[in-house]
Amino acid sequence: MLTQAPKGTKDILPRDTHKWNFVESVFREICERRGFAEIRTPVFEYTELFSRGVGETTDIVQKQMYSFADYDGRGLTLRPEGTASVARAFLEHKLYAEPQPSKFAYEISCYRHERQQKGRQREFHQFGVECFGSADMLADAEVIALAADFFAALGVRGVELRVNSIGCPACRGGHREALRAFLSPKRDALCDTCKTRFDRNPMRILDCKSPVCGELVKGAPSMLDYLCDACREDFAALRRNLDALGIAFEVDAGIVRGLDYYTKTAFEFVSNRIGAQGTVCGGGRYDHLIEELGGPPTPGVGFGLGIERLLLLMEAEDARIPPAKGADAYIAYLGEGAKLAGLGLLRRLRAAGLRAEMDGPARNLKGQLKRADRLGARFAIVIGEEELAANAALLKDMVSGEQRRVARDEILSALAADFRERKE
RNA sequence: GUGGGUAUCGUCAAGCGGUUAAGACCCAGGGUUGUGGUUCCUGUAUGCGUGGGUUCGAUUCCCACUACCCACCCCA
């Protein structure tokens, strides 16, 4: 038990961290170029933030939150998602007084008590962006484009963009009634969960994966037919914007977000290559969230993008991830005098910005070169009795196998010349 | 919360009632005291997830538990 990470959590080991660093650096660059500035918020928040923000009736709030009382008796919760925290920070620091819209980007860990499976953990990580203060569909298109550009920059091909409009509170009511009227005669045939959805949130039935419900739902009134004029025009504008940006998409009336704060635009980037949890990125518009949290009416749009799922997808696609960088130089030595001379050299190489390594206790030369090889060292520097006496060292190119003797003081410039050559 | 599957060395695994518990990879050491990635040799599980049973005997059969995986649900 002591040697086991909690259920649903995973260590990210040194052999994998370069992959994380890679996608992180690409994400940062993409966001920076579009003016989405990084924001960092706490891992936990007061519980009410999520129950109000995410919605009392959602699964997340009802049964998935890691909530606890601290020593002062305050109810705290490990964040199950990112948007609520960013919205809170936006209000707390009155960022709405700054030039609008405000655009944020972040990378966070999230916590949800779920039964784990492929692509679903209890602690997971996501990239996210939020854009507050613009009701224009240009913002939605920009947010979607950012995700699309991110996938493209990583060379990820197997994701499809699905977009939908789930309307605003005004038009959703009409659709709900129409849906109930349509399904009412078939109610008994619905699957058990959908029977309960019928009263609570009939829209979810459209999204049910059971083949029975899928059949029953055929021909059901689509939300898209019940959009009010404003929502319909916005949805059309979004599609025009995406076309103008050259972003391929599919309208999918089945896309329904599981968090209460969403309005109008809902979208997902999905893949069928990473198991049942195919949504790599999901987001949409939330025009009433800020108000719900007690702020001035402020529209917003954003997404969350699952990093574990992204990495799963990249693995499935054999996407190119730059390999971890090996050492630049490895110093091998024979004898105590050579060891000390090597130590001095080691420090100079590092000061010059190289990744240089040397080990003790000494193995034989063969063992040391083997070690250099394992470390992916570009060069081995051998200092033995002869070299020590001559104030020199053997510089061995680990790729070509060539080696030559150079004065110890000139190793740095010899290496510098070589690294420069290879760069050109 | 509900199903189903799997549990033998760091990893991938063979064994399916009586074996010194294969093999491969990895790792460590070595091939006559100075050369890696190739090759050759050597070494590494008193142990088969945990606890009970059945049996003369259990890694092999039965039960329970636990963990992991996959799916439902939900979502990133």
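All of these numbers come straight from a predicted model, not from anything done at the bench. (Residues numbered from 1 in each chain as written. Chains lettered and ligands numbered in written order. Predicted model: local features only at pLDDT ≥ 70, side-chain atom pairs only at ≥ 80, totals over all residues. Heavy atoms only, no water.)

1. Topic: the overall build of chain A
Inference 1: Within chain A, the secondary structure is distributed over 15 helices and 16 strands.
Inference 2: What you see for chain A is a C-alpha radius of gyration of 28 Å, clearly larger than the 22 Å of a compact globule of 424 residues, by over 25%.
Inference 3: With the principal axes as the frame, chain A shows a C-alpha extent of 95 × 50 × 45 Å.
Inference 4: Buried positions account for 49% of the 424 residues belonging to chain A.
Inference 5: The long-range share in chain A, meaning contacts at least 24 apart out of those at least 6 apart in sequence, stands at 69%.
Inference 6: Summed over all atoms, the accessible surface of chain A reaches about 21600 Å², with 50% contributed by carbon and sulfur.
Inference 7: Side chains of chain A give 61 positive and 61 negative charges; the mean places of these two sets differ by 4 Å. (Helix = DSSP H or I, 4+ residues; strand = E, 2+ residues; numbered from the N terminus. Rg over C-alpha atoms; globule rule 2.2 N^0.38 Å. Buried < 20%, exposed > 50% of the residue type's maximum accessible area, 1.4 Å probe, protein only. Contact = heavy atoms within 4.5 Å. Areas by Shrake-Rupley, 256 points an atom, 1.4 Å probe, with all protein chains shown as cover. Lys, Arg positive; Asp, Glu negative; His and termini not counted. Charge placed at Lys NZ, Arg CZ, Asp CG, Glu CD.)

2. Things to note about the domain arrangement of chain A
Inference 1: Per the domain assignment, the segments of chain A are domain 1 (14-168 + 228-316) and domain 2 (329-418).
Inference 2: In this structure, domain 1 and domain 2 have C-alpha centres spaced 50 Å apart. (Domains from an automatic or database assignment.)

3. What to know about the environment of Leu 161
Inference 1: Of note, Leu 161 is situated in strand β7 (residues 160-165).
Inference 2: Judged by its relative accessible area of 5%, Leu 161 is buried.
Inference 3: For Leu 161 and Pro 202, which are 41 residues apart along the polypeptide, the C-alpha to C-alpha distance reads 24 Å.
Inference 4: With near-sequence residues (within four places) excluded, Leu 161 lies in contact with Ile 144, Ile 247, Ala 248, Phe 249, Glu 250, Phe 267, Glu 268 and Phe 269.

4. Thoughts on the sheet that holds strand β16 (residues 403-407)
Inference 1: Spatial ordering of the open sheet is given by β13-β12-β14-β15-β16, a layout of 5 strands whose pairing is mixed. With partners counted over all chains shown, the strands left at the sheet margins are β13 (356-357) and β16, one partner each.
Inference 2: As judged from the 2 bridges shared by strand β12 (residues 329-333) and β13, these two strands associate in the parallel manner. Residue pairing across strands places Tyr 330 opposite Glu 357, the latter belonging to β13.
Inference 3: Set on the sheet, helix α12 (residues 336-351) makes contact with β12, β13 and β14 (379-383); between it and β12 the angle comes to about 170°.
Inference 4: In the packing of helix α13 (residues 365-374) onto the sheet, the strands contacted are β12 and β14, and the crossing angle to β12 comes to about 170°. (Pairing = 2+ DSSP bridges. Axes fitted to C-alpha atoms, helices over the stretch in contact; angles between N-to-C directions.)

5. Regarding the pattern of salt bridges
Inference 1: Scanning all chains against the criterion turns up 24 salt bridges.
Inference 2: Taking the shortest distance from any N to any O, the salt bridge between Glu 38 and Arg 40 comes out at 2.9 Å.
Inference 3: For Arg 40, a relative accessible area of 69% translates into the label exposed.
Inference 4: A salt bridge links Arg 180 to Glu 177; the shortest N-O distance between them is 3.1 Å. Here Arg 180 pairs with Glu 177, and both are found in helix α6 (residues 169-183), just 3 residues apart, close to one helical turn.
Inference 5: Several salt bridges converge on common partners, so that one network encompasses Glu 160, Arg 162, Glu 250 and Asp 252. (Salt bridge = Lys/Arg side-chain N within 4 Å of Asp/Glu carboxyl O.)

6. Regarding the side chain of Gln 121
Inference 1: Tracing the backbone shows Gln 121 in the loop between β5 (102-111) and β6 (123-132).
Inference 2: On the basis of relative accessible area, Gln 121 is assigned to the buried category, the value being 11%.
Inference 3: Among the polar contacts made by the side chain of Gln 121, one reaches the main-chain carbonyl oxygen of Glu 123 at a distance of 2.9 Å.
Inference 4: Beyond its immediate sequence surroundings of up to four residues, Gln 121 is in contact with Gly 8, Lys 10, Arg 112, Gln 116 and Glu 308. (Polar contact = N/O pair within 3.5 Å; in protein donor to acceptor, adjacent residues only side chain to side chain.)

7. Side note on the packing of helix α1 (residues 14-33) against helix α5 (residues 137-154)
Inference 1: Relative to each other, α1 and α5 sit at 135°, their axes nearing to 10 Å. By the angle class used here, α1 and α5 are oblique. For the pair α1 and α5, the crossing hand works out as right-handed. Residues Phe 22, Val 23, Val 26, Phe 27, Ile 30 and Cys 31 of α1 touch α5, and the partners they reach there are Leu 146, Asp 149, Phe 150, Ala 153 and Leu 154.
Inference 2: Tallied by class, residues from the contact of α1 with α5 come to 10 nonpolar, no polar and 1 charged. (Parallel < 35°, antiparallel > 145°, perpendicular 65-115°, else oblique. Left-handed = near helix turned anticlockwise from the far one by under 90°. Nonpolar A, V, L, I, M, F, W, Y, C, P; charged D, E, K, R; others polar.)

8. Observations concerning the sheet that holds strand β2 (residues 44-46)
Inference 1: Here we have 3 strands laid out as an open sheet, ordered β2-β4-β3, and antiparallel in their pairing. The open sheet is flanked by β2 and β3 (67-69), the only strands paired with a single partner. Averaged over all pairs of adjacent strands, the angle between strand axes in this sheet comes to 35°, irrespective of strand direction.
Inference 2: Sheet topology note: the β3/strand β4 (residues 75-78) ladder contains 3 bridges and is antiparallel. Bridge pairing links Ser 67 to Thr 77 in β4.

9. Focus on the nonpolar core
Inference 1: With 82 residues, the main nonpolar core has Phe 269, Phe 303 and Leu 310 as its most contacted residues.
Inference 2: By residue number, the principal contributor to this core is α5, which donates 12 residues.
Inference 3: Every residue in contact with Phe 303, bar those within four places of it in the chain, is listed here: Phe 27, Tyr 106, Phe 127, Gly 128, Val 129, Val 143, Leu 146, Ala 147, Phe 267, Cys 281, Gly 282 and Gly 283.
Inference 4: If you look at the next biggest cluster of nonpolar residues, it comprises 20 residues, including Tyr 333, Leu 349, Leu 354 and Ile 383. (Core = buried A, V, L, I, M, F, W, Y, C linked by side-chain atoms within 4.5 Å.)

10. Things to note about the packing of aromatic side chains
Inference 1: Across all of its chains, the model carries 13 aromatic pairs by this definition.
Inference 2: Ring centres of Phe 150 and Phe 151 lie 6.2 Å apart, and the angle between their planes is 40°; on these two criteria the pair is classed as tilted.
Inference 3: Judged by its relative accessible area of 0%, Phe 150 falls in the buried class.
Inference 4: It is Arg 74 that lies over the ring of Tyr 46; its NZ or CZ is 3.8 Å from the centre.
Inference 5: Taking the ring centre of Phe 379 as reference, the NZ or CZ of Arg 378 above it sits at 5.0 Å. (Phe/Tyr/Trp six-rings, centres within 6.5 Å; stacked < 30°, edge-to-face > 60°. Lys NZ or Arg CZ within 6 Å of the ring centre and 35° of its normal.)

11. Let's talk about α13
Inference 1: Among all positions of α13, only Gly 367, Gln 368 and Ala 372 are buried. End-on view of α13: buried residues confined to an arc of 145°, all on one side of the axis. In this structure, α13 carries Lys 366, Asp 373 and Arg 374 as exposed residues pointing more than 90 degrees from its buried face.
Inference 2: Buried residues in α13 make contact with β12.
Inference 3: Gly 376 sits one or two residues past α13 and shows a positive phi near 70°. (Arc of directions from axis to C-beta.)

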